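# Geometric and topological summary
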Amino acid sequence: MSKSTTTPAPGVHVPAPGGPGVRPVAAPRIVKQRRRRPGLIALSVALIAAGGLSGAVLYSTSGQRTAVVVVAHDLPVGATIQKGDLAEASVALDPAVKSVRASNAQSLVGQRAAVDLRVGSLLSPAQVTTAALVAPGEQLVGVSLTPAQLPATPLSAGRKVLIVSTPDPDAAAGADGDGAGKAPAAAAPKTLRATVVAVGKPAVGTGNVVVDVAVPTGDGPALAARVASGDVALIVAARDGS
């Protein structure tokens, strides 16, 4: 009977018969060397640098903030500005935006609102004024009005109003007709343009309110006489004064 023989695999050491056991050794692996791409590396470095630069610019821009004055409460045109009506905010401003720095907030106290001011809005120098509501050539007249003689809309300093005669003196004089039994033609009531300077608090019990108005000097005495008789009413004019 013939003996079979086994041929060892290449790279595997077979110990000699009767010798000490030896673990087979695997054939060495061939590592393929990667090819470097200098252009791709340069592009990656450039993108990283650009991202870092953009972040630095954004951080620098957002860090340039200015403390400015904003409106803390709604204020109607003509209202006197108090310290509590102002607040401070830190914002990044465009050079074209006109604002009042927080360090100058005290200079605004005592001035008047030149326009309606809304809470949270940025305050600009053009929105305040030091001009008095009673101009040269005008007189200040106090007009006492009942709730029925006032509009429901709250009045504020600087508001343009019309003082209306009720009834009109000329219409009352012609109430007897022309002597021929004919009724007098209806005449439009007389009106007087005025500017509200101050509004008092309603009187207890009656609810009457005294409204100080500025009128031309020549109309002051006549208005005071009508107020004394209670033959006046007040209506609010449009914002443009018409």
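Residues numbered from 1 in each chain as written. Predicted model: local features only at pLDDT ≥ 70, side-chain atom pairs only at ≥ 80, totals over all residues. Heavy atoms only, no water.

### Here we look at the overall build of the protein
- Scanning the protein for helices and strands turns up 3 helices and 9 strands.
- Along the chain direction, N to C, the helices and strands of the protein fall in the order α-β-β-β-β-β-β-α-β-β-α-β.
- Put simply, the protein has 242 residues, and 23% of those count as buried.
- Summarising the internal contacts of the protein: among those between residues at least 6 apart in sequence, 70% fall at separations of at least 24.
- Split by element, the accessible area of the protein, about 16,700 Å² in all, is 60% carbon and sulfur. (Helix = DSSP H or I, 4+ residues; strand = E, 2+ residues; numbered from the N terminus. Buried < 20%, exposed > 50% of the residue type's maximum accessible area, 1.4 Å probe, protein only. Contact = heavy atoms within 4.5 Å. Areas by Shrake-Rupley, 256 points an atom, 1.4 Å probe, with all protein chains shown as cover.)

### So, the environment of Gly230
- Following the sequence through the fold, Gly230 ends up in the loop between α3 (220-229) and β9 (232-236).
- The class of Gly230 is partly exposed, set by a relative accessible area of 34%.

### Concerning the layout of surface pockets
- There is about 230 Å³ of room inside the largest pocket.
- Residue classes in the lining of the largest pocket are distributed as 7 nonpolar, 4 polar and 4 charged. (1 Å grid on protein atoms, 1.4 Å probe; cavity = no way out; pocket = protein on both sides within 12 Å on 5 of 7 lines; lining within 4 Å. Points joined across faces, edges and corners; volume = space filled by probe spheres on them. Nonpolar A, V, L, I, M, F, W, Y, C, P; charged D, E, K, R; others polar.)

### Points about the sheet that holds strand β5 (residues 138-145)
- With respect to topology, 5 strands assemble into an open sheet ordered β5-β8-β7-β6-β9, the strand pairing being antiparallel. Unpaired on one side and paired on the other, β5 and β9 mark the two borders of the sheet. Averaged over all neighbouring strand pairs, the angle between strand axes comes to 40°, with direction disregarded.
- Pairing between β5 and strand β8 (residues 209-216): 8 bridges, direction antiparallel. By the bridge assignment, Gly142 is partnered in β8 with Asp212.
- Sitting on the sheet, α3 touches β5, β6 (160-165), β7 (191-199), β8 and β9, and the angle it makes with β5 is about 10°. (Pairing = 2+ DSSP bridges. Axes fitted to C-alpha atoms, helices over the stretch in contact; angles between N-to-C directions.)

### Thoughts on the nonpolar core
- In terms of nonpolar packing, the biggest core is built from 18 residues, with Val143, Val161, Ile163, Val211, Val213 and Leu223 touching the most fellow members.
- Going through the elements one at a time, β5, β6, β7, β8, α3 and β9 are the ones with two or more residues in this core.
- The element that contributes the greatest number of residues to this core is β8, accounting for 4 residues.
- Discounting chain neighbours no more than four positions away, the residues touching Ile163 are Lys190, Thr191, Leu192, Ala194, Leu223, Val232, Ala233 and Leu234. (Core = buried A, V, L, I, M, F, W, Y, C linked by side-chain atoms within 4.5 Å.)

### Section: α3
- Residues of α3 that are buried include every one of Gly220, Leu223 and Val227, and no others. Buried residues of α3 fall within an arc of 65° about the axis and therefore sit on the same side. Seen from the open side of α3, the exposed residues pointing more than 90 degrees away from its buried face are Pro221 and Ala228.
- Tucked inside the fold, the buried residues of α3 contact β5, β6, β7, β8 and β9.
- Phi turns positive one or two residues past the end of α3, at Gly230, with a value near 80°. (Arc of directions from axis to C-beta.)

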